[in-house]
2 protein chains.
Amino acid sequence: VRVGVVGAGQLGLMLAQAGQPLGLGVTLLDPSPDPPAAAVATVLRGDFDDADGLAELASADVVTFEFENVPAAGLERLAAAGARIAPDPAALAVSQDRLAEKRLFTVLDIPTAPHEAVDDAASLRHALDQVGVPAILKTRRLGYDGKGQRRIADDGDAGDALAALGGRDLILEGVVAFSRELSILAVRGADGQTAFYPLVENEHRDGILRVSRPAAGVDERLQAEAESLATRLLDRLGYVGVLAVELFETPEGLRANELAPRVHNSGHWTIEGAATSQFENHLRAVCGLPLGSTELVGRSAMVNLIGEAPARPDVLAIPGARLHLYGKAPRPGRKLGHVTLVAAGDDALAHRLETMLALVRAPG
Amino acid sequence: VRVGVVGAGQLGLMLAQAGQPLGLGVTLLDPSPDPPAAAVATVLRGDFDDADGLAELASADVVTFEFENVPAAGLERLAAAGARIAPDPAALAVSQDRLAEKRLFTVLDIPTAPHEAVDDAASLRHALDQVGVPAILKTRRLGYDGKGQRRIADDGDAGDALAALGGRDLILEGVVAFSRELSILAVRGADGQTAFYPLVENEHRDGILRVSRPAAGVDERLQAEAESLATRLLDRLGYVGVLAVELFETPEGLRANELAPRVHNSGHWTIEGAATSQFENHLRAVCGLPLGSTELVGRSAMVNLIGEAPARPDVLAIPGARLHLYGKAPRPGRKLGHVTLVAAGDDALAHRLETMLALVRAPG
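Nothing here was measured: the structure is a model prediction, and the numbers come from that model.

Let's shift gears to the overall build of chain A. Counting its secondary structure elements, chain A contains 12 helices and 17 strands. Taking 21 Å as the expected radius of gyration for a compact globule of 364 residues, we find that chain A reaches 20 Å, a close match to that expectation. Seen through its principal axes, chain A has C-alpha atoms that stretch 55 × 55 × 40 Å. Classification of the 364 residues of chain A by burial places 59% in the buried group. Of the contacts formed within chain A by residues at least 6 apart in sequence, a portion of 61% connects residues at least 24 apart. If you sum the accessible surface of chain A, you get close to 13800 Å²; carbon and sulfur atoms cover 49% of it. Where the 35 positive side-chain charges of chain A centre and where its 48 negative ones centre are 2 Å apart.

What follows covers the relation of the copies chain B and chain A. Rotating chain B by 180 degrees and translating it 0.0 Å along the rotation axis places it on chain A, where the RMSD comes to 0.0 Å. Those values place the two copies in the arrangement expected of a two-fold rotation axis. Closest approach to the rotation axis within chain B is made by the C-alpha atom of Val40 of chain B, at a distance of 2.4 Å.

This part is about helix 10 (residues 278-286) of chain A. All names here are of chain A. Of all the 9 residues making up helix 10, 9 are buried; the element is thus mostly covered by neighbouring parts of the structure. Along helix 10, the residues that are buried comprise Gln278, Phe279, Glu280, Asn281, His282, Leu283, Arg284, Ala285 and Val286. The opening residue of helix 10, the one whose side-chain oxygen lies 3.2 Å from the backbone nitrogen of Phe279, is Ser277. Of the residues flanking the end of helix 10, it is Gly288, one or two places downstream, whose phi is positive at about 75 degrees.

Take the environment of Gly46 of chain A next. Residue and element names in this part refer to chain A. Its location among the elements puts Gly46 in the loop between strand 3 (42-45) and helix 2 (51-57). The buried category is assigned to Gly46, whose relative accessible area is 12%. Linking Gly46 and Glu201, residues 155 residues apart in sequence, is a C-alpha distance of 36 Å. Not counting chain neighbours up to four residues away, the residues in contact with Gly46 comprise Leu29, Asp30 and Pro31.

What follows concerns the packing of helix 1 (residues 10-19) of chain B against helix 10 (residues 278-286) of chain B. Residues and elements named next belong to chain B. As a packed pair, helix 1 and helix 10 sit with axes 8 Å apart at the nearest point and diverge in direction by 75 degrees. The angle between the axes of helix 1 and helix 10 places the two elements in the roughly perpendicular class. Two secondary-structure elements touch here, helix 1 through Leu11, Met14, Leu15, Ala18 and Gly19 and helix 10 through Phe279, Glu280, His282 and Leu283. When grouped by side-chain class, the residues that make up the contact of helix 1 with helix 10 number 6 nonpolar, 2 polar and 1 charged.

At the junction of the two partners, chain B supplies 39 residues and chain A supplies 39 residues. Summed over both sides, the interface of chain B with chain A buries roughly 3100 Å², with 49% coming from carbon and sulfur. At the boundary of chain B with chain A, the tally comes to 4 salt bridges. For the salt bridge of Glu295 of chain A with Arg352 of chain B, the shortest nitrogen-to-oxygen distance reads 2.7 Å. Scanning the region where chain B abuts chain A turns up 17 residue pairs in polar contact (both at pLDDT 80 or more). Where the side of chain B that touches chain A is concerned, the elements lending two or more residues are helix 1, helix 10, helix 11 (312-316), strand 16 (321-325) and strand 17 (335-343) of chain B.

Time to look at the sheet that holds strand 7 (residues 149-152) of chain A. As a general point, the strands of a sheet are linked pairwise by backbone hydrogen bonds and lie either parallel or antiparallel. All names here are of chain A. In space, the 4 strands of this open sheet follow the order 5-8-6-7, with antiparallel pairing throughout. A strand with exactly one partner marks an edge of an open sheet, and here the two such strands are strand 5 (115-118) and strand 7. Across this sheet, the average inter-strand angle for adjacent strands is 25 degrees, counted without regard to direction. Where strand 6 (residues 135-139) meets strand 8 (residues 170-174), 5 bridges bridge the pair, whose relative direction is antiparallel. From the neighbouring strand, Ala135 faces strand 8, where its bridge partner is Gly174. Sheet strands in contact with helix 5 (residues 98-107) are strand 5, strand 6, strand 7 and strand 8, and its direction is about 150 degrees off that of strand 5. Against the sheet, helix 6 (residues 121-131) makes contact with strand 5, strand 6, strand 7 and strand 8, and its axis sits at roughly 175 degrees relative to strand 5, the strand it touches most.

So, how was this worked out
- Residues numbered from 1 in each chain as written.
- Chains lettered and ligands numbered in written order.
- Predicted model: local features only at pLDDT ≥ 70, side-chain atom pairs only at ≥ 80, totals over all residues.
- Heavy atoms only, no water.
- Helix = DSSP H or I, 4+ residues; strand = E, 2+ residues; numbered from the N terminus.
- Rg over C-alpha atoms; globule rule 2.2 N^0.38 Å.
- Buried < 20%, exposed > 50% of the residue type's maximum accessible area, 1.4 Å probe, protein only.
- Contact = heavy atoms within 4.5 Å.
- Areas by Shrake-Rupley, 256 points an atom, 1.4 Å probe, with all protein chains shown as cover.
- Lys, Arg positive; Asp, Glu negative; His and termini not counted.
- Charge placed at Lys NZ, Arg CZ, Asp CG, Glu CD.
- Least-squares fit on C-alpha atoms with pLDDT ≥ 70 in both.
- Polar contact = N/O pair within 3.5 Å; in protein donor to acceptor, adjacent residues only side chain to side chain.
- Axes fitted to C-alpha atoms, helices over the stretch in contact; angles between N-to-C directions.
- Parallel < 35°, antiparallel > 145°, perpendicular 65-115°, else oblique.
- Nonpolar A, V, L, I, M, F, W, Y, C, P; charged D, E, K, R; others polar.
- Buried area = accessible area lost by both parts, 1.4 Å probe.
- Salt bridge = Lys/Arg side-chain N within 4 Å of Asp/Glu carboxyl O.
- Pairing = 2+ DSSP bridges.

Pasting the structure below:
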């Protein structure tokens, strides 16, 4: 079985690493001169919507993607030409448009932030009336890691925010008073079978994920609530593969923030911490193979290495530290790698995580 | 840090797979046209004692080996020329000579089978007097997976066995009445730090390892006995890297059978089942990095896929099954891959292992 992947960043790298032991040939497409996945697999060089590159990728048995800003139109053309694409490009299209995404949540009775479309000063005034302040004005498309958004604390901020974001194709979102950010990773097989990883708690800084850890105090009810909303999304989208849903926990229950139709940074811990990793399960799903068990094996947490990586011996001296470097040159704000801390129990995990966090707060 | 590896079979493949996330560049040397490791790393093509290939390999920061029948002389020449080789080629030389190996055990007070050198009919008669029957006549060198040995049930078998094995450079070993075969995987860092994985129980058939599973009923005393004998070997050899010691359990305690100065098939379960895999720990050791924790993460067992592999969906349908295919063409007796079964506890593990064993006993 051969799999084509649009994008060859670290997610493509880890997909390729997961596919190799299964005997799945993974080929990727990426415009970068030196993408992370090239260290372990064949990478075709071309833009994400390069027709020739996509056509070559489509000679594989199935095409998937690791990057949500892939132009959906190119994949839709491939699908129209008979290529098998998983997940369906429609899921990609929804995820690329914050308004479509929020509307999908609403249609499926999945609670989310109050929101209104904004295309000019008049619709922004209307939206502020509906949503209230503080609120966040965002571009509908191509937002990523906190880029493309402005906070509106009071009506006086509105004009500047509107101008800064281009004045149209925007969405105003109410601020959700949440106690913490969670995410659920779900996977749906070609046969409709589903599986879920336990909720994890995510800590962002400057809009970039820093830490994912087991969400403390999650009872069966909360896990079931998350699985239920993820199931509605999977089924509605006829989804095949791994889907990540970012959630806010509030006193009134979970609020969906956004979805990512791909393997997700908050699931990297599954490489070591689950019976089957998100990468392997995504490949299993898109290849029509049985899904793997998502049960926990020990306790795990993940720390991203952003901008610069601590010295390797310092990381490796932490018991249970599993280092994953992506082979990228250091640059402020760039995800260079991650470390998964594994332990037999919660206390040992907390201690190891604390040691690791001290390293990234004061990199050597 | 760059690592050169002599040999690019499945052990080289898994070393390369372990090195990549750590940012260690792994280059390998192998004469095969299509060695397993070539799927994920650069493989220089050349014989294991090819001077040019070895010299190119030695441009790395450290050279190691994944195959114990590498001619030690070539590595010793590299070491003499200033290359860093780990483990020391002396360990390789000992492991290649069953007599030297048994003598090393004896010198270190490590119980082993009674044994005598055999170089002709007279020394065989003497050896049979000393060791008794039944006994096993083996070539001193190049024995592998049960090849190069003959059982002598009574004195009448002696002449044929001697002739079949070439008549000289042999060793006669007494048969050890053991209850089971165990192995211990040990690792020693460049600084002399050591770590050990828990004893595993191994099941061989036709001289080839079939299954490794957690050794039931191992108490602290038995684990300590194994660690103690491994420590004596590591220290005596000034060893750096992973060392495997195959052991027989007898009513009188452990008997060392043989050592392997490399990562070992009975440690493949550590990829999923330990906080740090044997492959990563070998690389950490030879690169002078801190050793990783060897503590268990869940419970794991391993089943080799010999000769032909069961259908992929059948394997992947087993909860907690982690498939590792080496990309080799099927051939009777050939190790094509392995499956690690992981589970949260012993009961689930036993059930999963049983399901997997049914598949390899009756491959689809």
